[in-house]
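So the chains spell out like this:
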Amino acid sequence: MVMEIVAVVLVLACCLVVFLLRPGDDSRRQDLEASLDAVDDNGLFSGWDELSPSERTRRLSMYQRRVLVRHAEQEREWLRARLRDIAKG
């Protein structure tokens, strides 16, 4: 009886390890996001009509992040220029 319980526990542990180590949706999503990072803004919207609603949402959020990053960089440059002007007097 003890050996049967040990065998069942061992099989369940092996199944858990296989489940945890197999590549899932997260790795596929990361691969897709990495490939989308290389695409320009227009590429994000190519084939828009054929995309699923969840893919559209994902691409819109990626575009929004890009725009926010660009805006933050422009603000930073503007502030640096103002500080240089103030420092000059």
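Computed from a prediction, not measured in an experiment: that's the story for all the values here. (Residues numbered from 1 in each chain as written. Predicted model: local features only at pLDDT ≥ 70, side-chain atom pairs only at ≥ 80, totals over all residues. Heavy atoms only, no water.)

**Some details on the overall build of the chain**
Regarding its fold elements, the chain presents four helices and zero strands. Listing each helix as α and each strand as β along the chain from the N terminus yields α-α-α-α. Counting only residues that meet the buried cut, the chain has 11% of its 89 residues in that class. Partitioning the contacts of the chain with sequence separation of at least 6, the portion at a separation of at least 24 is 39%. Carbon and sulfur atoms make up 63% of the accessible area of the chain, which totals about 7700 Å². (Helix = DSSP H or I, 4+ residues; strand = E, 2+ residues; numbered from the N terminus. Buried < 20%, exposed > 50% of the residue type's maximum accessible area, 1.4 Å probe, protein only. Contact = heavy atoms within 4.5 Å. Areas by Shrake-Rupley, 256 points an atom, 1.4 Å probe, with all protein chains shown as cover.)

**Observations regarding the side chain of Arg66**
Residue position: Arg66 is located in helix H4 (residues 53-88). Apart from the residues within four sequence positions on either side, Arg66 is in contact with Leu36, Asp37, Val39, Asp40, Asp41 and Leu44.

**Considering the confidence of the model for the chain**
Per-residue pLDDT for the chain has a mean of 78; in total, 62% of the residues score no lower than 70. No element of the chain has a lower mean pLDDT than helix H1 (residues 2-21), which averages 58, and none a higher one than H4, which averages 93. (pLDDT = per-residue confidence, 0-100.)

**Describing the packing of aromatic side chains**
Enumeration over the complete set of coordinates arrives at two aromatic pairs. Taking the centre distance of 5.5 Å and the plane angle of 50 degrees together, the rings of Phe45 and Trp48 count as tilted. Residue Phe45 is classed as partly exposed on the basis of its relative accessible area of 29%. Grouping aromatic residues by their ring pairs yields a cluster made of Phe45, Trp48 and Tyr63. (Phe/Tyr/Trp six-rings, centres within 6.5 Å; stacked < 30°, edge-to-face > 60°.)

**Regarding the pattern of salt bridges**
As enumerated under the stated definition, the model contains six salt bridges in all. A salt bridge links Glu55 to Arg59, with the nearest nitrogen and oxygen atoms 2.8 Å apart. Of this pair, Glu55 and Arg59 both sit in helix H4, four residues apart, which is roughly one turn of that helix. (Salt bridge = Lys/Arg side-chain N within 4 Å of Asp/Glu carboxyl O.)

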